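So the chains spell out like this:
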Amino acid sequence: MTTQTAEAGQSAYNFAYLDEQTKRMIRRAILKGLAVPGYQVPFASREMPMPYGWGTGGVQVSAATLTPEDCFKVIDQGADDTTNAVSIRKFFERTAQVETTTRTGEATVIQTRHRIPEEPLREDQVLVYQVPIPEPLRFLEPSEVETRKMHALEEYGLMHVKLYEDIARHGAISTAYAYPVKVEGRYVMDPSPIPKFDNPKLEMAAIQLFGAGREQRIYALPPYTQVVSLDFEDHPFDPSKAEHPCDLCGAEDSYLDEVITDDAGSRMFVCSDTDYCLARRDAGHEGAQGARA
Amino acid sequence: MSGKFFEEFSQDFSKNLWGAPQPLLQVEGLSKFYGARRGCADVSFDLWPGEVMGIVGESGSGKTTLLNCLAGHLAPDTGRVLFDTRAHGMQDTVTMSEPERRMLGRTDWAFVHQHASDGLRMNVSAGGNVGERLMAVGARNYGDIRERATDWLGRVEISGDRIDDRPTAFSGGMRQRLQIARNLVTGPRLVFMDEPTGGLDVSVQARLLDLLRGLVREMGLSAIIVTHDLAVVRLLADRLMVMKDGQVVENGLTDQVLDDPQHGYTQLLVSSVLQV
Amino acid sequence: MIQIENLSKTFTLHNQGGAEIPVLTGASFSVAPGDCVALTGPSGAGKSTLMRLIYGNYRAASGHIRIGQLDVAQAAPRQIIALRRETLGYVSQFLRVVPRVPTREVVAEPLLALGTPREEAIARAEALLARLNLPERLWSLSPTTFSGGEQQRVNIARGFVHAYPALLLDEPTASLDAGNREVVLSLVEEAKARGAAIIGIFHDEAARDRLCDRQVDVGVFTPARAA
């Protein structure tokens, strides 16, 4: 089955699945997004051979970004080996025949769902985010007409109402992911549902592109763009994480997943970035339960 | 002694009310048409600082259209609405840019809707509702915002321990008081009210009226109140404008218009009120 | 202080065939500071109408009503409001207040409107209510449920809580017992002594004789009625 279908795919699909006109349209949206950092650019999102919510926005942005020379990596919640990541990686292996990798440092285009890799990215890399809901004001203002007006006029008081509600209800800003940021002092942006731990990394050397397929929006952060997490003077932004080192590689600076290991409630903390964890263990680092794993 | 006493008063008089040098709001020849139908036509008046003006008329008389044109919610077809802005003096709010007008809408202006659910965020706590305007103009200290919200809830007679409850848990009267607190927290100078006591129980109305009177007096607010309830304007408004078919038929001191109406329509309106 | 010049008033009833009812014509008189003038004349002569015209409650058809330098017949609403707030007090026979507002607040309101600090305004209101023998237990209640005599005293307290330079009194001693009547009469005398110009309607002849320097027969200004 495998060889024949792959070969059939090679001849049947245009490079990276989308036709050239569509990719051009998406590239125009990406360029506009880069020119106006944080601004949500509408684009004519296409039907993709996967359901909404599986990263159709990110896939379209990746398709428009990839060149035959690129090396592609896909992560889902930091992991290269989840269904979603594997499917998307296979999709581009088949339709674009690009090289793929799980190594952050080797990749030139990384598509991500809900994480930023721990290893700092470089200027020659592009990070593509899958975005479910691009509109940070949606939580309190359901009208799209009104939220667009609010962005246009920089009326962002509502964003702080959301944070106020958090503190009033929980004693602290409890928003732990999709934590809103202000870009270059202008647009308030939803960084997609990355943990707030990743927010400081949004100021980086690589190009960051955000694609929302169902919502038909693309936005972007050029390299070294100023990205400030919203907060109150007396409740400053805190990119906290679990107070624990990774049980496999012993890293104390990485974002951790909590894994329940048996019915008795035993648990372990492991790096959510699987490549980072593996690379550390290959280099000889070891966590509390590293030997067993 | 009395003569001197009086001279001082008279001098005060030659100045304007509260010594204000000019009106807060000047409306000139305002008209709004819906196709061929007249919403309101050729309305002109001045509102001075500290004045409360009532607009009465039956449903469809154009009073709500007029209010929405004044508050910038509707674009009038002709006419000017000059407002004495803090920064640049008299400005025509009809021709000013939308950002400027919206900025007025959350600083110097306030709008109290008939239905509190139109003027409140029903899924946000009382404190968040009151704090929103503060945050909209740049307040970034949670403690300060909360303190001012608590203060304002007290001023509208909502107990401080309700600050984290949502308006959905409030009675109609409480919602309306919350809406007022949310609007007045930034110290606006002009408040637009659309049937503020409509749909409330009579006993709740009385409390709200008393509250509004006190706030108007203490804050030196100017207000424009649209209502069909003549009892409400008698108690709240200094001046009264009577509208019929989109036009102002009579305009004057509230008790004068109600007790000595000059226009036939006003006479009919006043004589149609049931006596209690 | 108060000068009435050639004042006329006509009611036009638009909904009754445009009937014109002249009620007052050519009224002229003046009141100096410290003077009290009684309006007299039979019922229906237009005493109350004249009072309402002076207060600005009715709109004059022609003529002038000068109070200090303001002509009430010509003044803008806000000028009349300022006049009422600062200069011209009115004790009417009817009490019109926001329901559920406590009596002490009702009485203090004219002072609050003038910007008097709240504590002082309330203290002055309470002193006056005490002087008018209104039981203290009533002060925190709304006057809407009071008896006629009690309401009358609340009205009087409201009218005297600020030292208005001009005062209009409509039957201030009606429905009062002898003791309270005496309090009201002395309040009026004190107002006169401080130089207030007062116009009053008194059916109480003894009160009228004691307080008033002159009488103006309003009947003289009543137009001959068309048959």
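Since the model is a prediction, treat every value here as computed from it, not as a measurement.

**Student:** Hey, could you run me through the overall build of chain A in this one?
**Tutor:** For chain A, the helix and strand inventory stands at 7 helices and 12 strands. Rg of the C-alpha trace for chain A: 20 Å, near the compact-globule value of 19 Å for 293 residues, within the 12% margin. C-alpha extents for chain A along the principal axes are approximately 60 × 55 × 35 Å. Buried residues in chain A amount to 53% of all 293 residues. When contacts within chain A are restricted to residue pairs at least 6 apart in sequence, those whose partners lie at least 24 apart make up 61%. Within chain A, the 45 negative side-chain charges are centred at a point lying 5 Å from the centre of the 30 positive side-chain charges.

**Student:** Explain the packing of aromatic side chains to me, please; I cannot follow it from the model alone.
**Tutor:** Given two aromatic rings, one states the distance between the centres and the angle between the planes to describe the pair. Residues and elements named next belong to chain B. By the definition in use, this model includes 16 aromatic pairs over all chains. When the centroid spacing of 5.4 Å and the interplanar angle of 85° are considered together, the rings of Trp109 and Phe192 count as edge-to-face. Of the two residues, Trp109 is situated in strand β6 (residues 109-112) and Phe192 in strand β7 (residues 190-194); the sequence distance between them amounts to 83 residues. Residue Phe192 is classed as buried on the basis of its relative accessible area, which comes to 1%.

**Student:** Hey, could you run me through the arrangement of the chains in this one?
**Tutor:** Across the 2 pairs of chains that are in contact, the largest number of contacts falls between chains B and C. Nothing in chain A touches chain C, and the closest approach of their C-alpha atoms is 34 Å.

**Student:** Quick question: what am I supposed to make of the confidence of the model for chain C here?
**Tutor:** Should the pLDDT be low somewhere, the predicted coordinates at that spot are not to be read in detail. Residues and elements named next belong to chain C. Across chain C, pLDDT averages 92, with 99% of residues at or above 70. When mean pLDDT is taken per element in chain C, helix α4 (residues 118-131) scores highest with 96 and strand β2 (residues 19-31) scores lowest with 91. Note on the complex model: pTM 0.84, ipTM 0.89.

**Student:** How should I be thinking about the domain arrangement of chain A in this particular structure?
**Tutor:** Residue and element names in this part refer to chain A. Partitioning chain A into structural domains gives domain 1 (2-137 + 173-229) and domain 2 (241-293). Each of domain 1 and domain 2 has a C-alpha centre, and these two points are 26 Å apart. Here domain 1 and domain 2 share an interface that buries about 1000 Å² over both sides, 48% of which is from carbon and sulfur atoms. Considering only the side of domain 1, the residues that lose the most area to domain 2 are Arg103, Glu118 and Phe197, jointly responsible for 48% of the buried surface there. Counting every contact that joins domain 1 to domain 2 gives 2 salt bridges. Of the charged contacts, one joins Asp282 and Arg103 as a salt bridge, the two residues approaching to 3.4 Å between their closest N and O atoms. Of the residues in the side of domain 1 that touches domain 2, the class split is 4 nonpolar, 4 polar and 6 charged.

**Student:** How should I be thinking about the packing of helix α5 (residues 148-160) of chain C against helix α6 (residues 178-193) of chain C in this particular structure?
**Tutor:** Helix packing for two helices is described by the angle between their axes and how far apart those axes are. Residue and element names in this part refer to chain C. The contact between α5 and α6 brings their axes to 12 Å, and the two run at 15°. Classified by the angle their axes make, α5 and α6 are roughly parallel. In this structure, the crossing between α5 and α6 has a hand that is left-handed. The segment α5 lies against α6, with Arg153, Ile156 and Phe160 engaging Asn180, Val184, Leu187, Val188 and Ala191.

**Student:** Just to check I follow, could you spell out the sheet that holds β7(B) for this structure?
**Tutor:** Sheets are built from strands that pair by backbone hydrogen bonding, the pairs being arranged parallel or antiparallel. Residues and elements named next belong to chain B. Spatially, β6-β7-β8-β3-β9-β10 is the arrangement adopted by the 6 strands of the open sheet, whose pairing is mixed. In the strand order of this sheet, the two ends are held by β6 and β10 (247-253), each with one partner. Between one strand and the next, the sheet's axes are offset by a mean angle of 15°, whatever the strand orientation. Relative to β7, β6 runs parallel, the two sharing 4 bridges. Bridge assignment links Ala110 to a residue of β7, and that residue is Val191. Contacts from helix α7 (residues 172-184) reach β6 and β7, with the element oriented near 170° to β6.

**Student:** I tried to follow the pattern of salt bridges on my own but got confused; where do I start?
**Tutor:** A side chain of one charge can pair with a side chain of the opposite charge when the charged atoms of the two come close. All names here are of chain C. A complete count under the given rule lists 49 salt bridges over all chains for this structure. Between Glu190 and Arg131 there is a salt bridge; the shortest N-O distance is 2.6 Å. Highlighted residues: Glu190 in helix α6 and Arg131 in helix α4, separated in sequence by 59 residues. Here Glu190 falls in the partly exposed class, since its relative accessible area comes to 39%.

**Student:** Hey, could you run me through a negative patch on the surface in this one?
**Tutor:** Together, Glu233(A), Asp234(A), Asp144(B) and Glu147(B) give the surface a local cluster of negative charge. Given the relative accessible area of 58%, Glu147(B) is considered exposed.

**Student:** What is the right way to look at the interface of chain B and chain C in this model?
**Tutor:** Frequently, the measure chosen for interface size is the accessible area removed from exposure when the parts meet. With 36 residues of chain B at the contact, the number on the chain C side is 42 residues. Both faces combined, the contact of chain B with chain C buries some 3500 Å², and carbon together with sulfur accounts for 57% of it. Summed over the shared surface of chain B and chain C, the number is 4 salt bridges. Mapped onto the side of chain B that touches chain C, the elements with two or more residues apiece are α1 (2-14), α8 (202-219), α9 (230-236), β10, α10 (254-259) and α11 (264-271) of chain B.

**Student:** Help me understand the domain arrangement of chain C, please; the structure alone is not making it clear to me.
**Tutor:** Residues and elements named next belong to chain C. As far as domains go, chain C holds domain 1 (1-87 + 165-175 + 197-227) and domain 2 (94-163). The distance between the C-alpha centroids of domain 1 and domain 2 comes to 25 Å. Summed over both sides, the interface of domain 1 with domain 2 buries roughly 650 Å², with 57% coming from carbon and sulfur. Summed over the three residues of domain 1 that lose the most area to domain 2, namely Arg85, Leu167 and Ser175, the buried surface amounts to 51% of that side. Here domain 1 and domain 2 share 0 salt bridges between them.

**Student:** Would you take a moment to explain helix α5 (residues 126-136) of chain B for this structure?
**Tutor:** Since one α-helical turn is 3.6 residues long, residues separated by three or four positions face the same way. Buried residues dominate α5(B), accounting for 10 of its 11 residues. Three or more residues of α5(B) are buried, namely Ala126(B), Gly127(B), Gly128(B), Asn129(B), Val130(B), Gly131(B), Glu132(B), Arg133(B), Leu134(B) and Met135(B).

**Student:** Whenever I open this one, the interface of chain B and chain A confuses me. Can you help?
**Tutor:** Listed by partner, the interface residues are 22 residues for chain B and 22 residues for chain A. Both sides of the chain B and chain A interface together cover about 2000 Å² of buried area, and 53% of this is carbon and sulfur. Ranking the residues of chain B by area buried against chain A places Arg102(B), Arg140(B) and Tyr142(B) at the top, with a combined share of 37%. At the junction of chain B and chain A, the tally comes to 5 salt bridges. Counting every contact that joins chain B to chain A gives 14 residue pairs in polar contact (both at pLDDT 80 or more). If you tally residues by element for the side of chain B that touches chain A, the top one is α5(B), at 5 residues. Considered class by class, the residues forming the side of chain B that touches chain A number 7 nonpolar, 6 polar and 9 charged.

**Student:** Looking at this model, I keep getting lost on helix α2 (residues 20-35) of chain A. Mind explaining?
**Tutor:** All names here are of chain A. Taking 1.5 Å of rise per residue, 16 residues should cover 22 Å, and α2 covers 22 Å from first to last C-alpha, within 8% of that figure. Where α2 is concerned, the buried positions are Thr22, Lys23, Met25, Ile26, Ala29, Ile30 and Gly33. Buried residues along α2 cover an arc of 160° about the axis, so they all sit on one side. Opposite the buried face of α2, by more than 90 degrees, sit the exposed residues Gln21, Arg28, Leu31 and Ala35. Buried residues along α2 sit against β1 (41-42), α3 (56-65), β8 (207-212) and β9 (217-221). N-cap assignment for α2: the residue whose side-chain oxygen lies 3.1 Å from the backbone N of Gln21 is Asp19.

**Student:** How should I be thinking about the environment of Ser140(C) in this particular structure?
**Tutor:** All names here are of chain C. Inspection of the secondary structure puts Ser140 in the loop between α4 and α5. By relative accessible area, Ser140 is classed as partly exposed at 43%. In this structure the C-alpha to C-alpha distance between Ser140 and Arg104, which are 36 residues apart in sequence, comes to 6.5 Å. Look past the residues within four positions of Ser140 in its chain and what remains in contact with it is Pro102 and Arg104.

Conventions used here
Residues numbered from 1 in each chain as written. Chains lettered and ligands numbered in written order. Predicted model: local features only at pLDDT ≥ 70, side-chain atom pairs only at ≥ 80, totals over all residues. Heavy atoms only, no water. Helix = DSSP H or I, 4+ residues; strand = E, 2+ residues; numbered from the N terminus. Rg over C-alpha atoms; globule rule 2.2 N^0.38 Å. Buried < 20%, exposed > 50% of the residue type's maximum accessible area, 1.4 Å probe, protein only. Contact = heavy atoms within 4.5 Å. Lys, Arg positive; Asp, Glu negative; His and termini not counted. Charge placed at Lys NZ, Arg CZ, Asp CG, Glu CD. Phe/Tyr/Trp six-rings, centres within 6.5 Å; stacked < 30°, edge-to-face > 60°. pLDDT = per-residue confidence, 0-100. Domains from an automatic or database assignment. Buried area = accessible area lost by both parts, 1.4 Å probe. Salt bridge = Lys/Arg side-chain N within 4 Å of Asp/Glu carboxyl O. Nonpolar A, V, L, I, M, F, W, Y, C, P; charged D, E, K, R; others polar. Axes fitted to C-alpha atoms, helices over the stretch in contact; angles between N-to-C directions. Parallel < 35°, antiparallel > 145°, perpendicular 65-115°, else oblique. Left-handed = near helix turned anticlockwise from the far one by under 90°. Pairing = 2+ DSSP bridges. Patch = residues over 30% accessible without salt bridge, like charges linked within 9 Å, V, L, I, M, F, W, Y side chains within 5 Å. Areas by Shrake-Rupley, 256 points an atom, 1.4 Å probe, with all protein chains shown as cover. Polar contact = N/O pair within 3.5 Å; in protein donor to acceptor, adjacent residues only side chain to side chain. Expected span 1.5 Å × (residues − 1). Arc of directions from axis to C-beta.

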